[in-house]
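# Structure at a glance
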Amino acid sequence: MAAAASTSPYVPALAGPASASAPKAVPSVRDLLGRWAPLMVLLVALAFPMIEQSLGLGMMNPMLRILTSVMLALGLNIVVGFAGLLDLGYVAFWAIGAYCVAWLASGHFTEVTIHVGSGIMNTIPGIHLSIWLIFPIAAVVTALFGVLLGAPTLRLRGDYLAIVTLGFGEIIPNIFRNGDDIAGHNWTNGTAGISGLDAPNLGGAPTDQMLGMGWGTWGPLNLWPWYYLALGLCLVCYYVSVTMQWSKLGRAWMAIREDETAASAMGIHCVNAKLWAYGIGAALGGMAGVFHGARIGSVFPSSFMFYISISVLCMVIIGGMGNVWGAIAGAFVIEGLNFWLLPSLTAWGQALGLDIDFSSWNMLIFGVLLVVMMLYRPQGFIPSKSRKLTFADGDDGGGGSPPPDAYPAGMQGPDGDAAHGMHAPLEVGHEAHATAAQAGLAPAHEPTTLGAPVHPGPAIAAHQVHHEAPRAAPAQPQPQPQPEPQPHAHAQPTAPAQPTRRFTSRFAQGSNPFDRPLPQRRDIDPEGAPA
Amino acid sequence: MTQMSMSDFGHDRLPRDHELLRASALTMRFGGLTAVDAVDFTIPAGRVVSLIGPNGAGKTTFFNMLTGLYHPTEGELTFMGKDTFGRPPHKIAQLGMSRTFQNIRLFKEMTCVDNVLVGMHTKLQGGMLSTLLRLPSQRREEREGIELARELMRFVGIHSRHAELAGNLPYGDQRRLEIARALASRPSVVLLDEPAAGMNPMETAALEGLMHRIRDELGCTVLLIEHEMKLVMSVSERVTVLNFGKKIAEGTPDEVRNDPAVVEAYLGSSDGAVVADKYGDEVATA
Ligand SMILES: Nc1ncnc2c1ncn2[C@@H]1O[C@H](COP(=O)(O)OP(=O)(O)O)[C@@H](O)[C@H]1O
Ligand SMILES: [Mg+2]
């Protein structure tokens, strides 16, 4: 959030449209970073194969794996980060996506011979679709499975949700493992998996492919097309994430994450919103699965282990739940550990005469990393869940907590101490809640008088931990901002009268917020309501 | 896009004092405890009406039944001419009922503007396809939604805090943000559960004006639960008193104030004076 241009939170709004002409504050480094970083990252990403080749880093294969993880992390971030639905079985959708490409672009089903843009001889038996068709098909199929597997979990929260999703994450790969004889048909080829998947085709002649040249060639020797395909898929996932995040549905997800009862009281159909989250999250995971299957050229049930679900969840959590860039960063960190740090440690250890394979310690290291993160930075690397709002009239939204002394003198409450007496219980409750969450516990009970029909159970520790810095401690007297004097409200002689009148007068003149041409009313059928 | 105007809702839709909501013999039992016992209740459109009673009288439970958070045990419930008995909360919200909570339930990790935009949920189109394609209509709706959210925040008096996380607001501002969020759906009736709890006297005074403005400028009926008797008596046009889940009195503030049964219920003194609740954490003074 940009520093407010003024010390007083009241100034921009009181000045109203006039503040547009006021000199703009010099954009902060963080501001510039926020604006340009995505573009810079994209440029670096586009140039990466050239850089990699000229430096001879040998990083293409790890990078493809990292980009696959980025897709998975972005997909899971929708389910866990946005909607707050702890999913421990996300690998299922990756597996389904991979099997989609295995079925639709291989000779597995020898009974049929279907070719659609496969770029190979169309007498070869099996289903051979172009990968460009498989992506949308797999996205729809996995989205349907996301909804299907999500539906039974809708009423569950916290631990129960986690356990059921974990179960699905185990069941799906097992179905693939045992799917070599379902109804007398070999669907999945069992543990041997399906191999010999078609290489994607961009229209190059088959002879070009044989020669290992050109963009038509998607082989182990030419990784560039794979790389750009992966990058494109990551961009799709990124676009879907950021577009959904600040939409009606994205806000509904976050509202459900924060407080499902309040969300439903706001008119949110929680069941639908959750199913959308499962569906969209699964579709992104499915596309990652298609890429992975096509890239490896074969699909084995043994590669869809619980371990994958956990490491993708780690990426989302350590990056900062609900933050798109956090998920991306998390994918780089976790896969960086896998592909660079741990092998390097092993090599260094060997150089020192130690015979330790650090790579086999990765789960231990993830676990430690997760615990350390939860203890010291529960909000993840990139915690900001708020967006920068800029308005036409130059009001920057007053982001950031203004210091207590920012309130204009004379607007303090007459009896700050009395007010604080009332605030004290709230503060205590707040802190207790945060502490409980930090310890991985949920508050045993929400206050009953409020009466939620279902109490939000423990979700995941990081989710429940509130913002880093709660409000000022009750011990320090903090002047309370007074309500803006309104024409109809009680007169407040202490408040500056001149600018306020100008600002609030629009309501006095009958221009009220409800006169806006904004939303359509499509939910109340006029016939049903009494005239 | 059709113009959304005053004629679309509230007391313009229903003539003043037309019956907006009717509850008949509404009952809520939790095991052996009858929290709300066969209460008859109506909300006349375009008014500010209050529901009072000692702590544990069943007021919040009554709100939860009206808004669908609780499935009433028995009785009848009609809102906007529709049977809403046992309907899910989002359906009732879509019909034009909106509420705040006794223990503030803002979306703490979302910005203030986003909180209000969530309140606008039922009034936004936000179609899946137009969102993903970022169609101009969708972007305009979003822009206008943000503008309206800002105006509502101004309306309740917490402008220039739009981009702050709701959980970072001072307590009184959180209460008002909750009201702005409730108003964002342009409800026919807004249910406020102890909005003055924890507010300082000046904030409470401003609240009185705010409630009149909600009624007069936004044309929105207000149903209020409040312990702050001064506020209740000056703001309401009709007061209903619950005690142990039963309705013990109903009428104008003056009638209720002088009702012996009410004085009896509020153990203490004769003019609705000091009420310390059974938990000892909330105190209302006259
Ligand atoms: N979900 C619930 N389960 C069991 N008892 C409840 C529940 N909600 C409220 N109650 C009980 O119903 C009674 C009325 O509570 P409430 O409506 O919150 O009172 P008020 O809001 O008037 O202070 C209390 O005795 C309370 O303990
Ligand atoms: Mg209550």
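Every value quoted in this text rests on a predicted model; they were computed, and no experiment measured them.

### Structural notes on the overall build of chain B
Each helix and strand in chain B was counted, giving eleven helices and twelve strands. Out of the 286 residues in chain B, the part that is buried amounts to 67%. Considering only intrachain contacts with a sequence separation of at least 6, the fraction spanning at least 24 residues in chain B is 67%. Only carbon and sulfur atoms are counted for the fraction: they give 51% of the accessible area of chain B, which is about 9,000 Å².

### Concerning the packing of helix H13 (residues 324-351) of chain A against helix H14 (residues 362-376) of chain A
When two helices pack together, their arrangement is given by the angle between the helix axes and the distance between those axes. Residue and element names in this part refer to chain A. Taken N-terminus to C-terminus, the directions of H13 and H14 make an angle of 130 degrees; their axes are 11 Å apart at the nearest point. One element, H13, and the other, H14, form an angle in the oblique class. In terms of crossing hand, the pair formed by H13 and H14 is right-handed. Between H13, through Ile334, Leu337, Asn338 and Leu342, and H14, the contact on the second element is made entirely by Asn362, Ile365, Phe366 and Leu369. Of the residues contributing to the contact of H13 with H14, the split by class is six nonpolar, two polar and no charged.

### Digging into the site of ligand 1
Residues in close proximity to ligand 1 total 15 residues, the closest being Gly56, Gly58, Lys59, Thr60 and Thr61 of chain B. Close to ligand 1, residues of chains A and B are found. Between ligand 1 and alanine 57 of chain B there is a distance of 3.2 Å, counted from an oxygen atom to a backbone nitrogen or oxygen. Relative to its unbound accessible area of 570 Å², ligand 1 is 81% covered by the protein chains. When contributions to the shell around ligand 1 are tallied by element, the ones reaching two or more residues are strand S2 (33-44) and helix H2 (59-66) of chain B. Class assignment of the residues belonging to the shell around ligand 1 gives a composition of six nonpolar, seven polar and two charged.

### Some thoughts on the packing of aromatic side chains
Using the criterion set out here, one finds 15 aromatic pairs over all chains in the structure. Arranged with centres 5.4 Å apart and planes meeting at 65 degrees, the rings of tyrosine 238 of chain A and tryptophan 325 of chain A form a pair that is edge-to-face. Highlighted residues: tyrosine 238 of chain A in helix H8 (residues 224-245) and tryptophan 325 of chain A in helix H13, separated in sequence by 87 residues. Through a chain of ring-to-ring contacts, the aromatic side chains of Trp94, Tyr99, Trp103, Phe176 and Phe304 of chain A assemble into a single cluster. If you follow arginine 105 of chain B out to its NZ or CZ, it ends over the ring of phenylalanine 101 of chain B, 5.5 Å from the centre.

### Some thoughts on a positive patch on the surface
On the surface, a cluster of positive charge is contributed by Arg134, Arg139, Arg140 and Arg143 of chain B. Within the secondary structure layout, arginine 139 of chain B lies in helix H6 (residues 136-156).

### Concerning the sheet that holds strand S5 (residues 82-83) of chain B
All names here are of chain B. The antiparallel open sheet is built from four strands, whose spatial order is S2-S1-S4-S5. Only two strands of the sheet have a single neighbouring strand rather than two, namely S2 and S5. Two strands pair when backbone bridges link them, and strand S4 (residues 74-79) and S5 are joined in this way by two bridges, in the antiparallel orientation. Note that in S5 the partner of threonine 78 across the bridge is aspartate 83. Against the sheet, H2 engages strand S1 (19-30), S2 and S4, with an angle of about 120 degrees to S1.

### Some points on helix H4 (residues 112-119) of chain B
For H4 of chain B, the buried fraction is high: eight of the eight residues fall into the buried class. Here the buried face of H4 of chain B lies against helix H9 (248-258) of chain A together with H6 and helix H7 (171-183) of chain B.

### Overview of the sheet that holds strand S1 (residues 105-106) of chain A
Spatially, the three strands line up as an open sheet ordered S1-S3-S2 (chain A), and their pairing is mixed. Looking at the sheet topology across the chains shown, the edges are occupied by S1 and strand S2 (113-116) of chain A.

### Structural notes on the pattern of salt bridges
Residues and elements named next belong to chain B. Applying the stated rule across the entire model yields 19 salt bridges over all chains. The salt bridge involving arginine 29 is made with glutamate 74; its shortest N-O contact spans 3.0 Å. Placement of the pair is arginine 29 in strand S1 and glutamate 74 in strand S4, with a sequence separation of 45 residues. Arginine 29 gets classed as partly exposed once you look at its relative accessible area, which sits at 35%. With its nearest N and O atoms 2.7 Å apart, the salt bridge here joins arginine 47 to glutamate 237. With a gap of 190 residues between them, arginine 47 in the loop between S2 and strand S3 (48-52) and glutamate 237 in the loop between helix H9 (229-235) and strand S9 (238-243) connect regions that are remote in the sequence. On the basis of relative accessible area, glutamate 237 is assigned to the partly exposed category, the value being 25%.

### Quick look at the coordination of the magnesium ion (ligand 2)
Residue and element names in this part refer to chain B. At 2.0 to 2.1 Å from the magnesium ion (ligand 2) lie its protein donor atoms, namely Thr60 (OG1) and Gln102 (OE1). Taken together, the residues span a long stretch of sequence, with threonine 60 in helix H2 and glutamine 102 in the loop between strand S6 (97-99) and H4 at a distance of 42 residues. Comparing threonine 60 with glutamine 102, the two get one shared label, buried.

### Some points on unusual backbone geometry
The residue asparagine 189 of chain A is not glycine, and still its phi comes out positive at about 65 degrees. Along the chain, asparagine 189 of chain A turns up in the loop between helix H6 (158-177) and strand S4 (194-195). Its relative accessible area of 30% is what places asparagine 189 of chain A among the partly exposed residues. With a phi angle near 50 degrees, arginine 186 of chain B is a residue other than glycine that sits in the positive phi range. Position of arginine 186 of chain B among the secondary structure elements: in the loop between H7 and strand S7 (189-193).

### Let's talk about the side chain of threonine 122 of chain B
All names here are of chain B. Mapped onto the secondary structure, threonine 122 falls in the loop between H4 and helix H5 (128-132). Judged by its relative accessible area of 3%, threonine 122 is buried. Only 3.5 Å separates the side chain of threonine 122 from the side chain of lysine 123, close enough to count as a polar contact.

### Concerning a nonpolar patch on the surface
A cluster of nonpolar side chains, Trp361, Leu364, Val368, Val371, Val372, Leu375 and Tyr376 of chain A, forms an exposed patch at the surface whose accessible area comes to about 740 Å². Examined against the element boundaries, valine 368 of chain A turns out to sit in helix H14.

### Digging into the environment of phenylalanine 30 of chain B
All names here are of chain B. Along the chain, the position of phenylalanine 30 falls in strand S1. Note on phenylalanine 30: relative accessible area 34%, which makes it partly exposed. Taking C-alpha positions, phenylalanine 30 is 28 Å from methionine 80, a pair spaced 50 residues apart along the chain.

What counts as what
- Residues numbered from 1 in each chain as written.
- Chains lettered and ligands numbered in written order.
- Predicted model: local features only at pLDDT ≥ 70, side-chain atom pairs only at ≥ 80, totals over all residues.
- Heavy atoms only, no water.
- Helix = DSSP H or I, 4+ residues; strand = E, 2+ residues; numbered from the N terminus.
- Buried < 20%, exposed > 50% of the residue type's maximum accessible area, 1.4 Å probe, protein only.
- Contact = heavy atoms within 4.5 Å.
- Areas by Shrake-Rupley, 256 points an atom, 1.4 Å probe, with all protein chains shown as cover.
- Axes fitted to C-alpha atoms, helices over the stretch in contact; angles between N-to-C directions.
- Parallel < 35°, antiparallel > 145°, perpendicular 65-115°, else oblique.
- Left-handed = near helix turned anticlockwise from the far one by under 90°.
- Nonpolar A, V, L, I, M, F, W, Y, C, P; charged D, E, K, R; others polar.
- Near = heavy atom within 4 Å.
- Polar contact = N/O pair within 3.5 Å; in protein donor to acceptor, adjacent residues only side chain to side chain.
- Phe/Tyr/Trp six-rings, centres within 6.5 Å; stacked < 30°, edge-to-face > 60°.
- Lys NZ or Arg CZ within 6 Å of the ring centre and 35° of its normal.
- Patch = residues over 30% accessible without salt bridge, like charges linked within 9 Å, V, L, I, M, F, W, Y side chains within 5 Å.
- Salt bridge = Lys/Arg side-chain N within 4 Å of Asp/Glu carboxyl O.
- Lys, Arg positive; Asp, Glu negative; His and termini not counted.
- Charge placed at Lys NZ, Arg CZ, Asp CG, Glu CD.
- Pairing = 2+ DSSP bridges.
- Donors = N, O, S within 2.8 Å, 3.2 Å for Na, K, Ca; no water.

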